[in-house]
Structures are given as structure tokens and as C-alpha cells.
Amino acid sequence: NAGVTQTPKFQVLKTGQSMTLQCAQDMNHEYMSWYRQDPGMGLRLIHYSVGAGITDQGEVPNGYNVSRSTTEDFPLRLLSAAPSQTSVYFCASRHRGRVLSSPLHFGNGTRLTVT
Amino acid sequence: AQKVTQAQTEISVVEKEDVTLDCVYETRDTTYYLFWYKQPPSGELVFLIRRNSFDEQNEISGRYSWNFQKSTSSFNFTITASQVVDSAVYFCALSGDNYGQNFVFGPGTRLSVLP
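Residues numbered from 1 in each chain as written. Chains lettered and ligands numbered in written order. Predicted model: local features only at pLDDT ≥ 70, side-chain atom pairs only at ≥ 80, totals over all residues. Heavy atoms only, no water.

Participant: Is there a simple way to think about the overall build of chain B in this case?
Facilitator: Regarding its fold elements, chain B presents zero helices and 13 strands. Listing each helix as α and each strand as β along chain B from the N terminus yields β-β-β-β-β-β-β-β-β-β-β-β-β. Counting only C-alpha atoms, chain B reaches 45 × 25 × 20 Å along its principal axes. Across the 115 residues that make up chain B, the buried fraction comes to 48%. Taking as baseline every contact in chain B between residues at least 6 positions apart, the subset at least 24 positions apart corresponds to 56%. For chain B, the accessible area works out to roughly 5,500 Å², and carbon and sulfur atoms hold 48% of it. Within chain B, one finds 9 positive and 13 negative side-chain charges whose respective centroids are separated by 2 Å. (Helix = DSSP H or I, 4+ residues; strand = E, 2+ residues; numbered from the N terminus. Buried < 20%, exposed > 50% of the residue type's maximum accessible area, 1.4 Å probe, protein only. Contact = heavy atoms within 4.5 Å. Areas by Shrake-Rupley, 256 points an atom, 1.4 Å probe, with all protein chains shown as cover. Lys, Arg positive; Asp, Glu negative; His and termini not counted. Charge placed at Lys NZ, Arg CZ, Asp CG, Glu CD.)

Participant: Hey, could you run me through the side chain of A:Ser93 in this one?
Facilitator: Residues and elements named next belong to chain A. Counting through the fold element by element, Ser-93 comes out in strand E9 (residues 87-94). Note on Ser-93: relative accessible area 0%, which makes it buried. Here the side chain of Ser-93 touches His-29 through a polar contact of 2.7 Å, side chain to side chain. The contact partners of Ser-93, leaving out residues within four places of it in the chain, are Val-4, Gln-25, Met-27, His-29, Tyr-31, Met-32, Pro-103, Leu-104 and His-105. (Polar contact = N/O pair within 3.5 Å; in protein donor to acceptor, adjacent residues only side chain to side chain.)

Participant: When you look at the pattern of salt bridges in this model, what are you seeing that I'm missing?
Facilitator: Where charged atoms from two side chains of opposite charge come close, those side chains can pair. Applying the stated criterion to the full structure yields five salt bridges over all chains. For the salt bridge of A:Asp38 with A:Arg36, the shortest nitrogen-to-oxygen distance reads 2.8 Å. The exposure classification of A:Asp38 matches that of A:Arg36, with both residues buried. Between B:Arg51 and B:Glu59 there is a salt bridge, with the nearest N and O atoms lying 2.8 Å from each other. (Salt bridge = Lys/Arg side-chain N within 4 Å of Asp/Glu carboxyl O.)

Participant: Would you mind going over the environment of B:Leu34 with me for this structure?
Facilitator: Residues and elements named next belong to chain B. Of note, Leu-34 is situated in strand E5 (residues 32-39). Considering only alpha carbons, one finds Leu-34 and Gln-2, 32 residues apart in sequence, at a separation of 12 Å. When sequence neighbours within four positions are dropped, the list of residues in contact with Leu-34 reads Tyr-25, Ile-49, Arg-50, Arg-51, Phe-68, Phe-75, Ala-93 and Leu-94.

Participant: Looking at this structure, how should I read the sheet that holds strand E3 (residues 19-25) of chain A?
Facilitator: All names here are of chain A. The four strands lie next to each other as E1-E3-E8-E7, forming an open sheet whose pairing is antiparallel. Each end of this open sheet is capped by a strand with a single partner; those strands are strand E1 (4-7) and strand E7 (64-66). Put simply, the sheet's adjacent strands are angled 20° from each other on average, direction ignored. Here E3 runs beside strand E8 (residues 76-78); their pairing, made up of three bridges, is antiparallel. Paired with Met-19 across the strands is Leu-78, a residue of E8. (Pairing = 2+ DSSP bridges. Axes fitted to C-alpha atoms, helices over the stretch in contact; angles between N-to-C directions.)

Participant: Just checking my understanding: could you explain the pairing of strand E8 (residues 64-69) of chain B for this structure?
Facilitator: In the case of a regular strand, side chains alternate between the two sheet surfaces. Residues and elements named next belong to chain B. Taking every second residue as pointing to the same face, the buried face of E8 carries Tyr-64, Trp-66 and Phe-68, while none of Ser-65, Asn-67 and Gln-69 on the other face is buried. Where strand E7 (residues 59-61) meets E8, three bridges bridge the pair, whose relative direction is antiparallel. The residue bridging Glu-59 from the neighbouring strand is Trp-66, located in E8. With antiparallel pairing between neighbouring strands as the criterion, E7 and E8 make up a hairpin whose turn holds two residues, including Gly-62 at a positive phi of roughly 65°. Relative to strand E9 (residues 74-79), E8 runs antiparallel, the two being bridged by six bridges. When the sheet's bridge partners are listed, Trp-66 is paired in E9 with Phe-77. Taking the residues between adjacent antiparallel strands as the criterion, E8 and E9 are bridged by four residues, where Ser-73 takes a positive phi near 50°.

Participant: For this particular structure, what's the right way to read the interface of chain B and chain A?
Facilitator: Interface size, as often reported, equals the accessible area lost upon joining of the parts. Residue-level contacts link 22 residues of chain B with 21 residues of chain A. For the pair chain B and chain A, the summed buried surface comes to about 1,800 Å²; carbon and sulfur atoms form 58% of the total. Where chain B packs against chain A, one counts zero salt bridges. Where chain B touches chain A, the interface holds four residue pairs in polar contact (both at pLDDT 80 or more). If one sorts the elements of the side of chain B that touches chain A by residue count, E5(B) sits on top with four residues. Per-class residue counts for the side of chain B that touches chain A are ten nonpolar, nine polar and three charged. (Buried area = accessible area lost by both parts, 1.4 Å probe. Nonpolar A, V, L, I, M, F, W, Y, C, P; charged D, E, K, R; others polar.)

Take it as geometry only, folks, not as evidence of what the structure does.
In C-alpha cells form, the structure reads like this:
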């Protein structure tokens, strides 16, 4: 099992450019989510999905889009990159069947810099 | 609303000292889970432990121990005889009924263990 796989590991964008961060998991987890990590602010939820075809907004959704066409994949799209989106992004998944008790499994992160 | 507070932003100790990381949470849920994650300098997020709201037994795993006190809404983490490899950022997180299936993370505590 590869677990949760994120690509790319590093990315530099110019203001206004768009890009997609990829996330795939092979654990058959129904629940997937995207977080951003900024110094002193912990992990903040951007978007999440409880199954294929279902997505919802988290705490900081502005400037990001997601879709969930398969159980395995949950890409995060930056529509028009801004310097405020410079951050480390983590994708995570968990079993939905054991909703509260199931831990989040994280990918290794994507470090994004917007200049 | 759900909230997790980790009041200690940074802690430095000398190797072999004991250190306790504090976590205080707020929730209106009667059923919830608390988690600790470790983020070493390499950046990945590693799940350490989970505790449910009905189980206030303390837990010990090697040099790690966790003290859950519902009366004070705290879930503190102690490392005994710290080692340099314990240097990391530690996150406390909450998963409860009224926030869907989402986690709420604290801001993290950066622990530096000096040789």
C-alpha cells in the first residue's frame, strides 16, 4: 500500500497562474480532505469529500476548487494563484465507517510558493 | 464550536529531561475523539494516539504517556527521558459529532530536544 500520495512535492507559481495539486489514496477511504499549514496556525481545512461525487467547503475554501470523480482521487485546483496561497498543502483520508475514531492518514505534503 | 488550544508555542529541553505538551479542547459533543500527531523536521504527519471521550484511562507507550482529563478538557502528552529524535512539531486534534467528519487541529507545539 502506498497510502496517500501527493504530487508535486514542490511548486513555484506566479501570481495569476492556475494549477492542480494531485492526491490519490489506495486504502479505499471514503473521506478525503485538503489542509493548508501555515506557521502558528496549525492545519486548516480547505475542502473535504465524504465520497465520490460529494464535496464540501471547509474553513478556508476561497480560491480553491475540488472535485471527486473516483474514490481514489481528490485533486485541489488553484484557480488564480495569489501570494496568500503560499503554504504547505496536505491531503488526508480516513475511513468513513468508523467516523469519529478513525485517524487521518496524511500525504507527504506539497510546498507551494506564489511569487 | 470546536476548538483546540496548545498554549505552548515552542519548548526547548535538554536530552533526558521529561517534557509535557499541553492540549485543551472545547466541544459541545458528548462523543468525540482526541488525537496527537507528530511532524518531524522531514515534514510528514505521523499519527501517535487516539482517545475517545468515554475512556479517561491514561495510556503509556514506551517513553510516551497521555493524560486525558475530561473535567479540565485536557489531553496532555508527556515524553519521558526525551531524545533528540523527539524534536518535532506536535499537534493535538479533535474529531466530534457536530463537525461532520472533520478534524479540528491545534496550532501545534514545536519541541526542540538539545543534546
